[in-house]
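# Results of the structural survey
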Amino acid sequence: MQSDIRYPTIIQGGMGIAVSSWQLAKQVAMAGELGVISGTAIDSVIARRLQDGDPSGDIRRAMSHFPNQKTIAEIMDRFFIEGGRAADKAYLDVPKLSIKGNLFSNNLLAVSSFVEVWLAKEGHNGLIGMNILEKIQLAIPAQLYGAMLADVDYILIGAGIPAQIPHLLNEISVGNKVAMKVEVADTKDKHYLHFDPTTLGIENFPVKRPLFLAIVSSHALVAYLNKDEETKPDGFVIEYHVAGGHNAPPRAKNAIDENGEAIYNDQDIPNLEKILASGSPFWLAGGFATPAKVVEALAHGAKGVQVGSVFALSNESGFTEENRSSVLNSLADPHMRVLTDASASPTGFPFKVIQNNETLSNDSLYSKRMRICDLGYLRTMYQREKGGIGYRCPAEPLDNYEFKNGQVDQAQGSKCLCNALMADIGLGQRRPDGRVEISLLTFGSDLEGPRAMREKYPNGWNAVQAINFLKEQISHQAH
Ligand SMILES: Cc1cc2nc3c(=O)[nH]c(=O)nc-3n(C[C@H](O)[C@H](O)[C@H](O)COP(=O)(O)O)c2cc1C
C-alpha cells in the first residue's frame, strides 16, 4: 500500500438497507473521517425513491452525471413517477438477481451505486466508501463498477469471506471481463457469475481502483486472506460479536441458548497481537463507540474504529423519524434488549435484533405477516434435481421452500430482512390488502456509546457531534 495514504480514525460503518445514507456519509467525510454508504439492495432503494417522485431532485441530479444517458433514460422510463405514486399503489419491483446476468439489472445496480456514492462525494474532497455484503454475490461486480464510476475511495465487505474482491477490483477497474465463483448448494459443481464492464457502454477505462477493507471477526481470517496477493485486502475491519447487523457465527458448535440467542465465548475474541503482527492496517468495530474505547483501539495498534449504532441514530441516517425516536426512547429503558437472534436472518448468520413490540420481533406480528419472497436478495442458489439452478430463501412461504429441498425445520424463525429493512427507512411495500410491511430493527448490543450520546444529546444528535464525541480523548495533532 502506498505510504501517502491518510487513514481515517473513525469509519462510519456501512449499515443496510440505506441506514448509512449518502447524507450521513457526506457529513462524516466532510468532517475528515471515512463516510460509508450502504450499497445493500440499493437498486430497490433508488427504484422506490424514483417511484416516490424523487421530490428533492437529488437522484436525478446525480443521474445526470452518469456517463451513459441512454441507460438513465431506460431507468427513468421504468420507475420514475412525477409527483410520486398514488398512496394506494404498490411499488414496482426491480428484477430479481440471477446467475445468468441481465443487462438491465447490471445497469440498475451500477447506476444506483453510482448515484449514492456521487451524492455522498458531491462538493468536498473527503473520503467515501461503499459497504456491501459478500452474501449477495450476484450484485457485487456491477455494484463495484458503478461505485468506481463515481470515484469511490474504499470498498468494505463483510458477511462472508470476501476472497475474490481484490481480484475483481483489479480487473474491473481496467475494463476486463471477470468470472466470479458463486456458491450453489446441493452440488459440488463450480458455478461462475460472468460480468463484462464494457457491456455498460462506457469507454472510460481505467477507473480508479479503490482500497478494499475486509470485515472479519478472527485473526485466522486475516491470515488466510493475507496469504495470497490475489486475496489480500488493503486492510481489515475487525468486528466483535456485539456489533450491530449480522455477526459471524460462534466458533463453538450449537452455541444457541433457549431464547434462540447465539452464545459467544473467549474463542470468539480476535487476537489483536496476531493481527497487528500481520502488518495490515486495521480498525476495531463492535462496542468501540466511546472516547475511551477509541483510545483503547489506538493503543492496540489499530488505525481507529468503525462505529455503527451511534451513527444509525444520528439525524442524517436513513431510519424513519419514528424508528429513530423509538430506539432513542428504548435506550432510556434499562431493560432494553438486543437479541443476537440465531435464526432471524435468511443468511444463516446471527443477526442483532432490538426487541420491540411494534416490529417483527413481536411474535404475534411476525406470525400474522404473510410470507412472500419478492425482493430475493438473500436467496441461495441450489442445484435443482431436474437440472438447472434454482433460488430459495428460508423466509419464503414454507411449502415453496420445502418443494425446493430447503430444510423447513431450520426456516421456521426466518424473517424477511429484505422487506423489513426497506420498511425501516420508510420504503416498505404496500400489500394488496392495504397492509404495509413492518420494520425489524438491528442495533449493536453494547449500548454504552449510544447511551452516553443520549445523555449528552437527549433530543438526538448529528454525525459531526458523534465524531466529536468519539474523538474527545485524542488530540488532533497526534492523528
Ligand atoms: C442498523 C445497522 C445496520 C448494519 N448493517 C450492516 C451492513 O449492512 N453491513 C455491514 O457490514 N455491517 C452492518 N452493520 C454493522 C456496522 O457497520 C458496524 O460494524 C457495527 O455497528 C459496529 O458496532 P457498533 O454498533 O457497536 O458501533 C450494521 C449496524 C447497524 C447498527
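See above for the structure.
The text that follows walks through the structure, step by step, so that each part is easy to find.

### Some remarks on the side chain of Arg431
- Tracing the chain through its elements places Arg431 in the loop between helix H15 (417-424) and helix H16 (448-456).
- By relative accessible area, which is 16% here, Arg431 ends up buried.

### Side note on the packing of helix H2 (residues 42-51) against helix H5 (residues 103-121)
- At their nearest, the axes of H2 and H5 sit 8 Å apart, and the two run at 80° to each other. By the criterion of interaxial angle, the relationship of H2 to H5 is roughly perpendicular. Residues Ile42, Asp43, Ile46 and Arg49 of H2 lie in contact with H5, whose contacting residues are Leu108, Leu109, Ser112, Ser113, Val115 and Glu116.
- Residue composition of the contact of H2 with H5, by class: five nonpolar, two polar and three charged.

### Looking at the nonpolar core
- Core analysis: the largest hydrophobic core is formed by 137 residues, its most contacted members being Val115, Ile155, Ile238, Leu284 and Phe311.
- Here this core gets 11 residues from one element, more than from any other, and that element is H5.
- Setting aside residues up to four positions removed in sequence, Leu284 forms contacts with Ile238, Tyr240, Leu272, Ala297, His300, Ala302, Gly304, Val305 and Gln306.
- If you look at the next biggest cluster of nonpolar residues, it comprises 13 residues, including Ile11, Val36, Trp283 and Ala285.

### As for the site of the ligand
- The full set close to the ligand counts 21 residues, and Glu239, Gly287, Gln306, Gly308 and Ser309 are the nearest of them.
- At a separation of 3.0 Å, an oxygen atom of the ligand approaches a polar backbone atom of Gly16.
- Contact distances for the ligand include 2.9 Å between an oxygen atom and a side-chain N or O atom of Asn131.
- For the ligand, whose free accessible area comes to 610 Å², the fraction covered by protein is 95%.
- Classifying every residue of the shell around the ligand gives seven nonpolar, 13 polar and one charged.

### Some points on the environment of Ile155
- On the secondary structure map, Ile155 appears in strand S4 (residues 154-158).
- Separated by 56 residues in sequence, Ile155 and Leu211 place their C-alpha atoms 6.2 Å apart.
- Setting aside anything within four residues of it in sequence, one finds Ile155 in contact with Met130, Leu144, Ala147, Leu169, Pro210, Leu211, Phe212 and Leu213.

### Comments concerning the packing of aromatic side chains
- Applying the stated criterion across every chain, the model contains six aromatic pairs.
- On the basis of an interplanar angle of 55° and a centroid distance of 5.3 Å, the ring pair of Tyr240 and Phe288 is categorised as tilted. With Tyr240 in the loop between strand S9 (235-239) and helix H9 (272-277) and Phe288 in the loop between strand S10 (282-285) and helix H10 (291-299), this pair connects stretches of sequence that are 48 residues apart. Grouping residues by exposure puts Tyr240 and Phe288 together as buried.
- Counting every residue linked through ring pairs, the aromatic cluster contains Tyr145, Phe195 and Phe205.
- Geometry around Tyr91 places Arg85 over its ring, the cationic atom sitting 3.6 Å from the centre.

### Structural notes on empty space enclosed by the protein
- Using the criterion set out here, one finds three cavities of 30 Å³ or more in the structure.
- For the largest cavity, the calculated volume is near 100 Å³.
- In terms of lining, the largest cavity is formed by 14 residues, of which the most central are Ser98, Gly101, Asn106, Leu138 and Leu193.
- Those elements that place two or more of their residues in the lining of the largest cavity are H5, helix H6 (140-149) and strand S7 (191-195).
- Looking at the lining of the largest cavity residue by residue, the class counts come to seven nonpolar, six polar and one charged.
- Empty space within the second largest cavity amounts to approximately 80 Å³.
- Around the second largest cavity, the lining is made up of 15 residues, and of these Cys373, Gly376, Cys393, Cys416 and Cys418 lie nearest the centre.

### Things to note about the pairing of S9
- Among the five residues of S9, five are classified as buried, and the element is accordingly described as predominantly covered.
- Side-chain alternation along S9 places Gly235, Val237 and Glu239 on one buried face and Phe236 and Ile238 on a second face that is also buried.
- Bridge count for strand S8 (residues 211-216) against S9 is four bridges, and the pairing is parallel. Residue Ile215 lies in a different strand from S9, and its bridge partner there is Val237.

### Focus on the sheet that holds strand S15 (residues 389-392)
- On the basis of which strands lie adjacent, the open sheet formed by three strands has the order S6-S14-S15 and mixed pairing. Each edge of the open sheet carries a strand with a single partner, namely strand S6 (184-185) and S15.

### Here we look at the packing of helix H1 (residues 22-30) against H5
- Contact pair H1 / H5: the axes reach a minimum separation of 8 Å and the direction vectors enclose 35°. In this structure, H1 crosses over H5, and the sense of that crossing is right-handed. On the side of H1, the interface is formed by Trp22, Ala25 and Lys26, while H5 contributes Glu116, Leu119 and Ala120.
- For the contact of H1 with H5, the class distribution of residues is four nonpolar, no polar and two charged.

### Some details on the pattern of salt bridges
- One pass over the full model with this rule turns up 22 salt bridges.
- Put simply, Arg48 and Asp93 hold a salt bridge, and the shortest N to O gap is 3.2 Å. With a gap of 45 residues between them, Arg48 in helix H2 and Asp93 in the loop between helix H4 (69-79) and H5 connect regions that are remote in the sequence.
- Here Arg48 falls in the buried class, since its relative accessible area comes to 1%.
- Owing to a relative accessible area of 23%, Asp93 belongs among the partly exposed residues under this scheme.
- The salt bridge partner of Lys70 is Glu74, with a shortest N-O separation of 3.9 Å. Placement of both Lys70 and Glu74 in helix H4 is noted, with a separation of four residues, approximately one turn of the helix.
- Judged by relative accessible area, Glu74 falls into the partly exposed class, the value being 35%.
- The network of salt bridges with common partners includes Lys121, Asp151, Asp153 and Lys208.

Thresholds, definitions, all that
Residues numbered from 1 in each chain as written. Predicted model: local features only at pLDDT ≥ 70, side-chain atom pairs only at ≥ 80, totals over all residues. Heavy atoms only, no water. Helix = DSSP H or I, 4+ residues; strand = E, 2+ residues; numbered from the N terminus. Buried < 20%, exposed > 50% of the residue type's maximum accessible area, 1.4 Å probe, protein only. Axes fitted to C-alpha atoms, helices over the stretch in contact; angles between N-to-C directions. Parallel < 35°, antiparallel > 145°, perpendicular 65-115°, else oblique. Contact = heavy atoms within 4.5 Å. Nonpolar A, V, L, I, M, F, W, Y, C, P; charged D, E, K, R; others polar. Core = buried A, V, L, I, M, F, W, Y, C linked by side-chain atoms within 4.5 Å. Near = heavy atom within 4 Å. Polar contact = N/O pair within 3.5 Å; in protein donor to acceptor, adjacent residues only side chain to side chain. Areas by Shrake-Rupley, 256 points an atom, 1.4 Å probe, with all protein chains shown as cover. Phe/Tyr/Trp six-rings, centres within 6.5 Å; stacked < 30°, edge-to-face > 60°. Lys NZ or Arg CZ within 6 Å of the ring centre and 35° of its normal. 1 Å grid on protein atoms, 1.4 Å probe; cavity = no way out; pocket = protein on both sides within 12 Å on 5 of 7 lines; lining within 4 Å. Points joined across faces, edges and corners; volume = space filled by probe spheres on them. Pairing = 2+ DSSP bridges. Left-handed = near helix turned anticlockwise from the far one by under 90°. Salt bridge = Lys/Arg side-chain N within 4 Å of Asp/Glu carboxyl O.

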